[in-house]
Amino acid sequence: MRNGRVIAFVLFVVAVVVAGCSSGSDNPPNPVTGDWRGMIQTPGKPIEIGVSFADDGTATIDIPVQGVHETPLKDVKTDRDAVEFAIADIPGDPKFHGRYDAGAGKITGDFIQGGQSFVLAMERGKVAPLPRPQEPKPPFPYHSEDITYRSGDITIAGTLTEPQGNGPFPAVLLISGSGPQDRDETLMGHKPFLLLADTLTRAGYAVLRTDDRGVGGTGGNLDAANYTDLSGDAAAGVSFLRGRPGIDQARVGLFGHSEGGYLAPLVASRPDSGVAFVIAMAGPSVVGADVVNEQTELIGAAQGTPPDELDAQVRDTTAVTALLRTGDIEGAKKLAREQNATLPADKRAKAADLEAQITPYFAALVAYDPAPALKALRVPVLAFYGGKDLQVPAAQNEQPMRDNLAADPDATVLTFPGLNHLMQPTETGLPSEYNNIETTISPEVLTYVTTWLTQRIPPK
C-alpha cells in the first residue's frame, strides 16, 4: 500500500516505503560496523529501533512498532568523529547525529525530526521483532512448492501448498489487497496469506498464493495495470490450478482480501471461469471512489484531525477521485498538485510522491463498480467484514453486499464485531495499530472460514 499526504487511498493498508543511498567510511576496520539497538526517547512512549552498519558504509534501520524492516538509510557516516544517518522520504526529514564512545561501547546522540530533538543511545545487539505467535513455522505437514506460470506476456511466481496424499484436492487461489504485495501479503510484520495458506492446507485444500505484478518473482508493472490485466492474472491462476495433477478441476475457488474482494467476483462471474466458490474478506461492495472517500473521513476522524482540516481533506480527496472516475488521470494529478500547494510547508507532499500515487492502476480501482459482477454470481459466496474496519467499513459495505448477492442461492454475509481490516482484534481500527497487534487473523475468523468451506466444498 501507499501513504498519500493529500489523498488517502489505501484499500488495504497504509505503509511507509523508504529508500536511500549511503556514503561510508574510508578507514576500515570500523568499530561501528554491526548491529545496534536503542530507544528514541520520545515523550511518554520511547520507540525501539535497530540500526545495522555494513562494512561498505551502508546501513539499514528496523523500527518494529512501525513495521519498518531493513530499510536502507542515506547520508551514512561512521568515522571516529561522528555517527550519522538519515531516513529518506519521511515527513520531518528524520536524521541522527551522534558519536561512538569506545569506552562505554555505545553510540549516543540526538534523533531529530520535524525540528524536534530526542535522545537516542544505542548498544550492541539486534532489535527483536514483535511477536507473531500465529506465523507458521516448519516443518509443515504438507507439500510446498514454488511455481511459475504465464499470464499473457508476464510470468507469475508463487507458492503452491498441497495436503499429503494423491488427491484430487479442492483448491483456493488467494488474491491480495491493493498495492504491491508479495505472496504472503506481508505487511506490518504480519503474513496473513501465509497463515491462511497454512490453515486451509491443513484442512485439506491446495492453496496458491502469488506475488503481485512487479513484486518478487512476478513480472510486469502494477501501476500500469488495469482490472482487465489483474483479473486476467487471477484467471491464469485458476487455469494453472485446474491443469495441475492432484487438483480437482471442478472445485477451484477464490479468496480475495480487500481489493482482492473486487477481483475474485469479477473473475468468478465470467460464464467460463470454472470458479466453484468465492470468499471475500473485507471486500468492497460499492464503487471504489466511495470507499476511498469514506476511509479518508473515518481514518482522519479516528486520528483526531481537527474538523475543518478533515473537511478539507475529504473535499480534496473527493474532487480528485471524481476526475479519476472519468479517466482524467492528468487532470487529477494537476488538481492534486494545486491542493498540495495550499498546504502548510511541513505538510506538503513531494511532487514525485504525488505523481507516483495517481496511476492508471489507482484510477481503475477508483472507477470500479463491483455490483454487476456480484449480481451475476451463482456459486457459494462468503463475504465478511470487521466491525472496526476503517478502510472498507462494514457500515458502508455490508448491506450493499447483501443486496448485490440477493439472487445467489448460497450467499453468506456477516460482520465480526471488534475486528479491523486485517481481521485483528483492535481498539481503534486505525492502520497504525496493525503492527502492534500480535494476532495476525482472529482465530474465530479462521475457524468460521474453514467450517463454511468444508460444509460446501468438502476436502478429499
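Refer to the preceding data block for the structure.
Scope of this entry: the structure provided in the associated data block. All values derive from a computational prediction rather than experimental measurement.

Here is what the cut-offs are and how they apply
- Residues numbered from 1 in each chain as written.
- Predicted model: local features only at pLDDT ≥ 70, side-chain atom pairs only at ≥ 80, totals over all residues.
- Heavy atoms only, no water.
- Salt bridge = Lys/Arg side-chain N within 4 Å of Asp/Glu carboxyl O.
- Helix = DSSP H or I, 4+ residues; strand = E, 2+ residues; numbered from the N terminus.
- Buried < 20%, exposed > 50% of the residue type's maximum accessible area, 1.4 Å probe, protein only.
- Pairing = 2+ DSSP bridges.
- Axes fitted to C-alpha atoms, helices over the stretch in contact; angles between N-to-C directions.
- Contact = heavy atoms within 4.5 Å.
- Phe/Tyr/Trp six-rings, centres within 6.5 Å; stacked < 30°, edge-to-face > 60°.
- Polar contact = N/O pair within 3.5 Å; in protein donor to acceptor, adjacent residues only side chain to side chain.
- Parallel < 35°, antiparallel > 145°, perpendicular 65-115°, else oblique.
- Nonpolar A, V, L, I, M, F, W, Y, C, P; charged D, E, K, R; others polar.
- Right-handed = clockwise from strand over helix to strand, strands pointing away.
- 1 Å grid on protein atoms, 1.4 Å probe; cavity = no way out; pocket = protein on both sides within 12 Å on 5 of 7 lines; lining within 4 Å.
- Points joined across faces, edges and corners; volume = space filled by probe spheres on them.
- Left-handed = near helix turned anticlockwise from the far one by under 90°.

### Regarding the pattern of salt bridges
Moving on, step 1. Using the criterion set out here, one finds 19 salt bridges in the structure.
Moving on, step 2. Across the pair K77 and D79 runs a salt bridge whose closest N-O atoms are separated by 3.9 Å.
Moving on, step 3. Taking the shortest distance from any N to any O, the salt bridge between R244 and E162 comes out at 3.7 Å. A residue pair is termed long-range when its members are at least 10 positions apart, and R244 in the loop between α2 (227-242) and β14 (247-257) and E162 in strand β11 (residues 154-163) qualify at 82 residues.
Moving on, step 4. Judged by relative accessible area, which is 18%, R244 ranks as buried.
Moving on, step 5. Given the relative accessible area of 9%, E162 is considered buried.
Moving on, step 6. Each of E330, K333, R337 and E355 takes part in salt bridges that share partners, so that together they form one network.

### What to know about the sheet that holds strand β15 (residues 275-281)
What links the strands of a sheet is backbone hydrogen bonding, and the strands pair in either a parallel or an antiparallel sense.
Moving on, step 1. Pairing is mixed across the open sheet formed by eight strands, whose spatial order is β10-β11-β13-β12-β14-β15-β16-β17. Strands at the two margins of the open sheet, each flanked by one partner only, are β10 (142-151) and β17 (411-416). Each neighbouring strand pair of the sheet contributes to a mean axis angle of 20 degrees, computed without reference to strand direction.
Moving on, step 2. By the bridge criterion, six bridges tie strand β12 (residues 169-175) to β14 in an arrangement that is parallel. Residue pairing in the sheet places A171 in a bridge with V252 of β14.
Moving on, step 3. The strands touched by α2 within the sheet are β10, β11, β12, β13 (206-210), β14 and β15, with β10 carrying the most contacts at an inclination of about 125 degrees.

### A look at the packing of aromatic side chains
Moving on, step 1. For the coordinates displayed, the defined rule picks out 10 aromatic pairs.
Moving on, step 2. Summarising the aromatic geometry, the rings of F416 and Y448 are spaced 5.8 Å apart at their centres and angled 85 degrees between planes, so their arrangement reads as edge-to-face. In this pair, F416 is assigned in strand β17 and Y448 in helix α11 (residues 443-456), connecting sequence segments 32 residues apart.
Moving on, step 3. Look at F416 and you get buried, because its relative accessible area is 5%.
Moving on, step 4. Following the ring pairs from residue to residue traces out a cluster consisting of F53, F85 and F96.

### Here's the deal with the sheet that holds strand β6 (residues 83-86)
Moving on, step 1. Pairing within the open sheet is antiparallel, and its nine strands lie in the order β4-β3-β2-β1-β9-β8-β7-β6-β5. This sheet does not close on itself; its edge strands, each paired only once, are β4 (68-72) and β5 (74-78). Taking each pair of neighbouring strands and ignoring which way they run, the sheet shows an average axis angle of 20 degrees.
Moving on, step 2. Examined bridge by bridge, strand β8 (residues 106-113) and strand β9 (residues 116-124) share eight bridges and lie antiparallel to one another. Paired with I112 across the strands is S117, a residue of β9.

### Looking at the side chain of T426
Moving on, step 1. Along the chain, T426 turns up in the loop between β17 and α11.
Moving on, step 2. A polar contact of 2.9 Å, which involves the side chain of T426, links it to the backbone nitrogen of G429.

### Focus: unusual backbone geometry
Moving on, step 1. The omega torsion across P138 and P139 is 5 degrees, close enough to zero to call that bond cis.
Moving on, step 2. In this chain, G167 is followed by P168 through a cis amide linkage whose omega measures 5 degrees.
Moving on, step 3. Along the polypeptide, P168 turns up in the loop between β11 and β12.
Moving on, step 4. Unusually for a residue other than glycine, D75 sits at a positive phi of about 50 degrees.
Moving on, step 5. One can find D75 in strand β5.
Moving on, step 6. Backbone geometry at D89 places phi at a positive 60 degrees, although glycine is not the residue there.
Moving on, step 7. With respect to the helices, strands and loops of the structure, D89 is situated in the loop between β6 and β7 (95-101).

### Regarding the packing of α2 against helix α3 (residues 260-268)
Moving on, step 1. For the pair α2 and α3, the least separation of the axes is 9 Å and the interaxial angle reads 70 degrees. With respect to each other, α2 and α3 are oriented roughly perpendicular. Where α2 abuts α3, its residues Y227, L230, S231, A234 and A235 lie against Y262, L263, L266 and V267.
Moving on, step 2. Residues of the contact of α2 with α3, tallied by class, amount to eight nonpolar, one polar and no charged.

### Looking at the pairing of β15
Moving on, step 1. Of all seven residues that make up β15, seven are buried, and the element is covered over most of its length.
Moving on, step 2. Here β14 runs beside β15; their pairing, made up of five bridges, is parallel. Note that in β15 the partner of G256 across the bridge is A280.
Moving on, step 3. Each parallel crossover has a hand, and for β14 linked through α3 to β15 it is right-handed.

### Some thoughts on the environment of D56
Moving on, step 1. With respect to the helices, strands and loops of the structure, D56 is situated in the loop between β2 (47-53) and β3 (59-63).
Moving on, step 2. A polar side-chain atom of D56 sits 2.7 Å from a polar atom in the side chain of T58.

### Brief notes about empty space enclosed by the protein
Moving on, step 1. For the coordinates displayed, the defined rule picks out three cavities of 30 Å³ or more.
Moving on, step 2. There is about 260 Å³ of room inside the largest cavity.
Moving on, step 3. Among the residues making up the lining of the largest cavity, the classes are represented as 11 nonpolar, four polar and five charged.

### Considerations on the packing of helix α5 (residues 307-325) against helix α6 (residues 329-341)
Moving on, step 1. The interhelical angle for the contact between α5 and α6, taken along N-to-C directions, is 165 degrees, at an axis separation of 8 Å. As the angle between them shows, α5 and α6 are arranged roughly antiparallel. For the pair α5 and α6, the crossing hand works out as right-handed. In this structure, α5 uses D316, A319, V320, L323 and L324 to contact α6, whose residues at the interface are I329, G331, A332, L335, A336 and Q339.
Moving on, step 2. Each residue belonging to the contact of α5 with α6 can be placed in one class, and the counts come to eight nonpolar, two polar and one charged.

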